[in-house]
Amino acid sequence: MWSRRHFLETISALPLVGGFTAASTARAATAAGRKGGRDYFAELGVRPFINAAGTYTAMTASLMPPEVMAAINYASTQYVMLDELHDRVGQRIATLLRSEAAMVTAGAASALTLGTAGVLTGTDRQKTVDLPDLSGMKSEVIIQKSHRFGYEHAVRNCGVRLVEVETRDDLERAIGEKTAMMLFYNNNNRVGRIQDEEFAQLGKKHAIPTFNDAAADVPPVDNFWKYTGMGFDLVAFSGGKGIRGPQSAGLLLGRKGLIEAARLNAPPNGNTVGRGMKVNKEEMLGMLVALELFLAKDHARENREFERRAEVIRSSATAVSGVNAEVFVPEIANHVPHVRISWDGADEATAAAAVIAMRDGEPSIAIRSEGNALVVGVWMMQPGEEKIVARRLRQVLEKKG
Ligand SMILES: *Cc1c(COP(=O)(O)O)cnc(C)c1O
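Residues numbered from 1 in each chain as written. Predicted model: local features only at pLDDT ≥ 70, side-chain atom pairs only at ≥ 80, totals over all residues. Heavy atoms only, no water.

1. Overview of the overall build of the chain
Stage number 1. Helix and strand counts for the chain come out as 16 helices and 13 strands.
Stage number 2. Computed over C-alpha atoms, the radius of gyration of the chain comes to 23 Å, within 12% of the 21 Å expected from 2.2 N^0.38 for 401 residues, which places it in the range of a compact globule.
Stage number 3. Projected onto the principal axes, the alpha-carbon positions of the chain cover approximately 70 × 55 × 40 Å.
Stage number 4. Of the accessible surface of the chain, which amounts to about 19100 Å², a share of 52% is contributed by carbon and sulfur atoms.
Stage number 5. Separation between the mean location of the 48 positive side-chain charges and that of the 46 negative ones in the chain comes to 4 Å. (Helix = DSSP H or I, 4+ residues; strand = E, 2+ residues; numbered from the N terminus. Rg over C-alpha atoms; globule rule 2.2 N^0.38 Å. Areas by Shrake-Rupley, 256 points an atom, 1.4 Å probe, with all protein chains shown as cover. Lys, Arg positive; Asp, Glu negative; His and termini not counted. Charge placed at Lys NZ, Arg CZ, Asp CG, Glu CD.)

Put into structure tokens, the structure is as follows:
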């Protein structure tokens with residue numbers, strides 16, 4: 001007789017459900033079966049993959065360590081007052097990161113919105129209700145032209161207008177009565193005419209708060225205090241990238257009065273620009289524990305492991321004739337070893353096709369292409385997966401060569 005369970009098993013084993021191959025379904029089911037639980041992704045027809053790309057939101061970025069999950073589970077069984085937890089977790093994080101104050105946000109983008117909101121409203125409750133209507137508030141945020149970036153919307157959510165400048169003289173001329181804040185995109189430090197330290201000093205000179213978006217810029221760990229130490233009034237980090245906290249968490253560090261003001265623009269306060277950026281108690285504890293683990297970690301040792309994985313992939317790729325590969329470390333964001341792979345006659349289309357072949361293969365592997373090259377990030381892989389990635393890449397590259 002067909003039990004419901006038998007029926008579901010049969011359905012989920014069909015090759016065409018959600019584009020699954022029977023083999024990958026079986027593999028996933030075995031993995032879940034080992035843990036004795038439901039295989040939710042298989043039930044939904046969602047296909048997991050090896051992350052050989054990096055901390056990309058679309059790929060769900062990073063995996064949380066068991067200690068973080070333990071904190072999340074712990075928090076899920078008891079009620080506490082949200083503001084009280086916010087206060088205590090914020091104080092703990094501020095101490096750990098040598099900042100005057102800190103808060104957990106719903107990601108770095110949320111930190112950008114809430115920090116900007118705090119700068120605009122201060123502790124005036126009416127202003128937190130009025131945003132993004134800026135009547136009676138300042139309305140301009142200065143940014144270097146070379147720092148325009150893909151997360152500005154988080155700042156503009158508060159109703160402000162971005163004012164572009166290039167040189168120090170431009171910037172000083174642009175400062176006026178409407179200037180609320182100066183925004184800095186940390187990854188573009190060297191590209192801009194005004195670099196981090198000078199930018200922070202200019203803010204101080206003109207009494208304009210400065211905000212540095214350093215979302216993806218740990219490791220190294222000391223970046224947590226480098227920029228506040230330099231004089232930036234606010235600094236944002238993602239919680240779910242290198243720190244491996246909840247994907248929906250982040251950190252806003254900075255001056256006490258500004259963090260207090262940012263908090264007023266966030267839940268539990270209801271009628272605010274940040275109301276949709278709730279951080280629940282589970283994420284708050286998860287973020288704190290992820291940060292503690294990240295700080296306690298032997299980063300030099302971990303980096304040697306990343307170098308080793310990168311070398312496994314590089315040497316396997318270059319064994320294919322006509323293929324070139326090199327290990328590189330991005331200077332600021334994602335400052336860990338990556339592998340760049342290209343081949344004779346490579347172009348954007350063949351590189352993109354190789355990404356798809358890897359994603360559609362068995363097992364599914366996510367990598368990225370950049371122009372004519374493939375880029376492999378090794379830090380979000382699970383231990384041992386570098387061998388699987390190296391083998392599959394070689395198969396795909398052999399077809400190109
Ligand atoms: C990833 C990123 C963000 C967004 O971070 P979330 O934590 O996903 O909100 C913002 N700014 C920069 C520079 C980033 O790299």
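2. Digging into the sheet that holds strand E13 (residues 373-377)
Stage number 1. Taken together, four strands build an open sheet; the order of strands is E9-E10-E13-E12 and the sheet is antiparallel. Looking at which strands have only one partner, the edges of the open sheet turn out to be strand E9 (323-328) and strand E12 (368-370). With direction set aside, neighbouring strand axes in the sheet form an average angle of 30 degrees.
Stage number 2. In this sheet, E13 lies alongside strand E10 (residues 338-343) in antiparallel orientation, the contact comprising four bridges. Considered in E13, the bridge of Arg 340 is made with Val 375.
Stage number 3. Packed onto the sheet, helix H14 (residues 299-318) meets E9, E10 and E13 and runs at close to 165 degrees relative to E9. (Pairing = 2+ DSSP bridges. Axes fitted to C-alpha atoms, helices over the stretch in contact; angles between N-to-C directions. Contact = heavy atoms within 4.5 Å.)

3. Remarks on the domain arrangement of the chain
Stage number 1. Assigned domains of the chain: these are domain 1 (4-48 + 298-400) and domain 2 (66-296).
Stage number 2. Summarising the inter-unit geometry, the C-alpha centres of domain 1 and domain 2 are found 33 Å apart.
Stage number 3. Contact residues are listed per partner, giving 12 residues for domain 1 and 15 residues for domain 2.
Stage number 4. Interface area for domain 1 against domain 2, summed over the two sides, is near 1000 Å², with a carbon-plus-sulfur share of 55%.
Stage number 5. Considering only the side of domain 1, the residues that lose the most area to domain 2 are His 299, Ile 332 and Trp 379, jointly responsible for 50% of the buried surface there.
Stage number 6. Along the contact surface separating domain 1 from domain 2 lie one salt bridge.
Stage number 7. Its salt-bridge partner being Glu 331, residue Arg 190 comes within 2.7 Å of it at the nearest N-O pair.
Stage number 8. One can count five residue pairs in polar contact (both at pLDDT 80 or more) joining domain 1 with domain 2.
Stage number 9. Looking at the side of domain 1 that touches domain 2, its residues break down into six nonpolar, three polar and three charged. (Domains from an automatic or database assignment. Buried area = accessible area lost by both parts, 1.4 Å probe. Salt bridge = Lys/Arg side-chain N within 4 Å of Asp/Glu carboxyl O. Polar contact = N/O pair within 3.5 Å; in protein donor to acceptor, adjacent residues only side chain to side chain. Nonpolar A, V, L, I, M, F, W, Y, C, P; charged D, E, K, R; others polar.)

4. Topic: the pattern of salt bridges
Stage number 1. Taken as a whole and judged by the stated rule, the model has 25 salt bridges.
Stage number 2. Its salt-bridge partner being Glu 292, residue Arg 92 comes within 3.3 Å of it at the nearest N-O pair. Of the two residues, Arg 92 sits in helix H5 (residues 82-96) while Glu 292 sits in helix H13 (residues 281-296), which places them 200 residues apart along the sequence.
Stage number 3. You can call Arg 92 partly exposed: its relative accessible area is 46%. (Buried < 20%, exposed > 50% of the residue type's maximum accessible area, 1.4 Å probe, protein only.)

5. Regarding the side chain of Thr 272
Stage number 1. Of note, Thr 272 is situated in the loop between helix H12 (256-264) and H13.
Stage number 2. Given a relative accessible area of 14%, Thr 272 falls into the buried group.
Stage number 3. Of the polar contacts made by the side chain of Thr 272, one reaches the backbone oxygen of Asn 265; its length is 3.2 Å.
Stage number 4. Non-local contacts of Thr 272, meaning those with residues more than four positions away in its chain, are made with Thr 128, Leu 264, Asn 265 and Ala 266.

6. What about the confidence of the model for the chain?
Stage number 1. In the predicted model, the chain carries a mean pLDDT of 92, and the fraction of residues at 70 or more is 91%.
Stage number 2. Note on residues 1-26: pLDDT under 50 across the span, and 20 contacts to partners over four residues away in sequence or across chains. (pLDDT = per-residue confidence, 0-100.)

7. Quick notes on the environment of Ala 352
Stage number 1. Position of Ala 352 relative to the elements: it lies in helix H15 (residues 348-360).
Stage number 2. Accessibility expressed as a relative area gives 31% for Ala 352, which makes it partly exposed.

8. Remarks on the packing of H5 against H13
Stage number 1. Where H5 meets H13, the axes come as close as 10 Å, and the angle between the chain directions of the two elements is 10 degrees. By the angle between their directions, the pair H5 and H13 is classed as roughly parallel. Across the interface between the two elements, Leu 82, Leu 85, His 86, Val 89, Arg 92, Ile 93 and Leu 96 of H5 pack against Lys 281, Met 284, Leu 285, Leu 288, Leu 291, Glu 292 and Leu 295 of H13.
Stage number 2. Partitioned by chemical class, the residues of the contact of H5 with H13 number 10 nonpolar, one polar and three charged. (Parallel < 35°, antiparallel > 145°, perpendicular 65-115°, else oblique.)

9. Let's talk about the sheet that holds strand E3 (residues 140-144)
Stage number 1. Spatial strand order, E2-E8-E7-E6-E5-E3-E4: seven strands in an open sheet with mixed pairing. Of all the strands in the sheet, just strand E2 (101-105) and strand E4 (161-165) have a single pairing partner and so form its edges. Ignoring strand direction, the axes of neighbouring strands in this sheet form an average angle of 25 degrees.
Stage number 2. For strand E7 (residues 234-238) and strand E8 (residues 250-254), the ladder comprises five bridges, and the chain directions are antiparallel.

10. Notes on the pairing of strand E6 (residues 210-213)
Stage number 1. Burial along E6 is two-sided: Thr 210 and Asn 212 and Phe 211 and Asp 213, pointing in opposite directions, are all buried.
Stage number 2. The sheet contact formed by strand E5 (residues 179-185) and E6 spans four bridges and is parallel. Pairing of Phe 184 across the sheet is with Asn 212, part of E6.
Stage number 3. For the crossover that starts at E5, traverses helix H10 (residues 196-206) and ends in the parallel E6, the hand is right-handed. (Right-handed = clockwise from strand over helix to strand, strands pointing away.)

11. Structural notes on the environment of Ala 200
Stage number 1. Tracing the chain through its elements places Ala 200 in helix H10.
Stage number 2. Its relative accessible area of 1% is what places Ala 200 among the buried residues.
Stage number 3. Residues Ala 200 and Tyr 227 lie 27 residues apart in sequence; the distance between their C-alpha atoms is 8.7 Å.
Stage number 4. The residues touching Ala 200, leaving out its near neighbours within four places in the chain, are Thr 210, Met 230, Gly 231 and Phe 232.

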